[in-house]
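Report on the structure
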Amino acid sequence: MLDVARLRLLRAVIATGSIRATAAALGYTPSAVSQQLTALQRETGLRLFERVGRGIEPTTAGRTLAAESEPLFEALSRVEGVVSDLRAGRVGSLSIGYFGSAGSAWLPTVVATLREEFPELRLDLRMTEITRADPDIDIFVEHPRNTPGPLAAVTRLVDDPYLAVVRDDDPIAALPEVPLAVLAERRWVDNDVNEGACRQVLLDTCAKAGFAPQFAVEMHDYQTAIPFVATGIGITVIPELGIGNLPPGLTAVPVVSPTPIRRISVAVRRSIAEHPAARRTVEILQSLARGSRPERTARG
């Protein structure tokens with residue numbers, strides 16, 4: 001296989017017209033350049049230069065080899081540029097998995113910030129709550145049924161407590177907090193996917209309190225369940241992050257004794273953990289989980 005560095009020297013000597021000029025331009029000694037050219041002649045089995053007086057003159061074979069290597073160095077230049085861009089997070093793709101309430105609360109800011117700071121980065125958003133996926137970055141709820149693989153680095157983002165959403169005329173609305181067991185005899189509006197980790201966290205906590213919720217109606221997302229509470233059909237119990245702005249006539253009351261809590265974390269595939277855009281995504285999520293806006297970061 002031909003040595004690329006020696007081919008580069010061949011092209012430089014032909015361009016400058018002398019070994020001494022090439023050595024000066026590249027920071028080599030003239031003897032080092034001559035040795036590399038001699039080695040290249042051995043590799044190719046070709047006579048690449050001829051002595052002319054005290055200088056050298058490239059042969060037809062030397063000029064042809066230098067010319068034919070031009071596409072190689074153009075390709076190498078493109079690859080080096082891609083490596084530089086990938087290192088800086090300017091190109092490539094990043095897949096982000098999420099579940100419903102984290103997606104609506106956090107992803108708009110995450111995507112807007114990444115698009116501003118990494119304009120060439122292609123983002124692939126996947127709702128892992130309802131589809132099987134293996135994204136580069138996954139925002140998830142910790143649960144024995146919902147654990148990341150061993151090749152992921154996990155960072156805890158926030159502990160998200162559940163609150164009971166009730167009508168303003170409900171006696172519970174006047175309480176500063178409501179024990180979970182008090183809700184045992186009430187009718188509930190279901191609000192999550194059947195096999196979801198968020199729903200399972202709530203059901204597990206209810207089981208610890210000694211009951212299973214009595215669901216009067218079954219919905220599959222928080223924002224659809226909330227209006228049903230206003231009709232008087234029942235109450236619903238929702239993580240704080242998923243409540244958003246309640247419509248008039250409804251109140252959210254913290255649930256205690258015990259408090260259902262979903263622990264939200266982010267898992268990053270270790271193979272891309274040092275990618276600038278991956279690191280930045282975690283930074284943004286941590287900032288949002290603390291309730292603050294992410295600081296803008298200048299990117300090259």
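Structure first, text after, so check above.
One structure accompanies this document, and this report is about it. (Residues numbered from 1 in each chain as written. Predicted model: local features only at pLDDT ≥ 70, side-chain atom pairs only at ≥ 80, totals over all residues. Heavy atoms only, no water.)

**Looking at the overall build of the protein chain**
- In terms of helices and strands, the protein chain carries 10 helices and 12 strands.
- For the protein chain, the spread of C-alpha atoms along the three principal axes comes to 105 × 30 × 25 Å.
- Across the 300 residues that make up the protein chain, the buried fraction comes to 40%.
- When the accessible surface of the protein chain is summed, it comes to about 16100 Å², and 52% of that surface belongs to carbon and sulfur atoms. (Helix = DSSP H or I, 4+ residues; strand = E, 2+ residues; numbered from the N terminus. Buried < 20%, exposed > 50% of the residue type's maximum accessible area, 1.4 Å probe, protein only. Areas by Shrake-Rupley, 256 points an atom, 1.4 Å probe, with all protein chains shown as cover.)

**Thoughts on helix H3 (residues 30-44)**
- When the terminal C-alpha atoms of H3 are compared, their 21 Å separation across 15 residues agrees well with the 21 Å that a helix rising 1.5 Å per residue should span.
- Turning to H3, its buried residues are Val33, Leu37, Ala39 and Leu40. Looking straight down H3, one finds that the buried residues subtend no more than 160° of arc, so they occupy a single side. Exposed residues lying more than 90 degrees from the buried face of H3 are Gln35 and Arg42.
- With its phi angle positive at about 70°, Gly45 sits one or two positions after the end of H3. (Expected span 1.5 Å × (residues − 1). Arc of directions from axis to C-beta.)

**A closer look at the pairing of strand E8 (residues 187-191)**
- In terms of residue burial, E8 counts as a mostly covered element, since 4 of its 5 residues are buried.
- Here 5 bridges tie E8 to strand E9 (residues 214-219), and the two strands are oriented parallel to one another. What sits directly across from Asn191, in E9, is Met219.
- Taken together, E8, helix H7 (residues 197-208) and E9 constitute a β-α-β crossover, and its handedness is right-handed. (Pairing = 2+ DSSP bridges. Right-handed = clockwise from strand over helix to strand, strands pointing away.)

**Observations regarding the nonpolar core**
- Within the largest apolar cluster, 53 residues are counted, with the highest numbers of intra-cluster contacts made by Trp106, Ile139, Leu183, Trp188 and Val237.
- When residues in this core are grouped by element, the largest group, 7 residues, is from helix H10 (residues 276-289).
- Look past the residues within four positions of Trp106 in its chain and what remains in contact with it is Ile139, Leu157, Val158, Leu241, Ile264, Leu285, Leu288 and Ala289.
- In this structure, Leu9, Ala23, Phe49 and Ile56 belong to the second largest nonpolar core, which totals 15 residues. (Core = buried A, V, L, I, M, F, W, Y, C linked by side-chain atoms within 4.5 Å. Contact = heavy atoms within 4.5 Å.)

**Describing helix H8 (residues 222-230)**
- Within H8, burial applies to Tyr222, Ala225, Ile226 and Val229. Buried residues of H8, seen end-on, are gathered within an arc of 110° and therefore sit on one face of the element.
- Capping the start of H8 is the job of one residue whose side-chain oxygen sits 3.3 Å from the backbone nitrogen of Gln223: Asp221. (Polar contact = N/O pair within 3.5 Å; in protein donor to acceptor, adjacent residues only side chain to side chain.)

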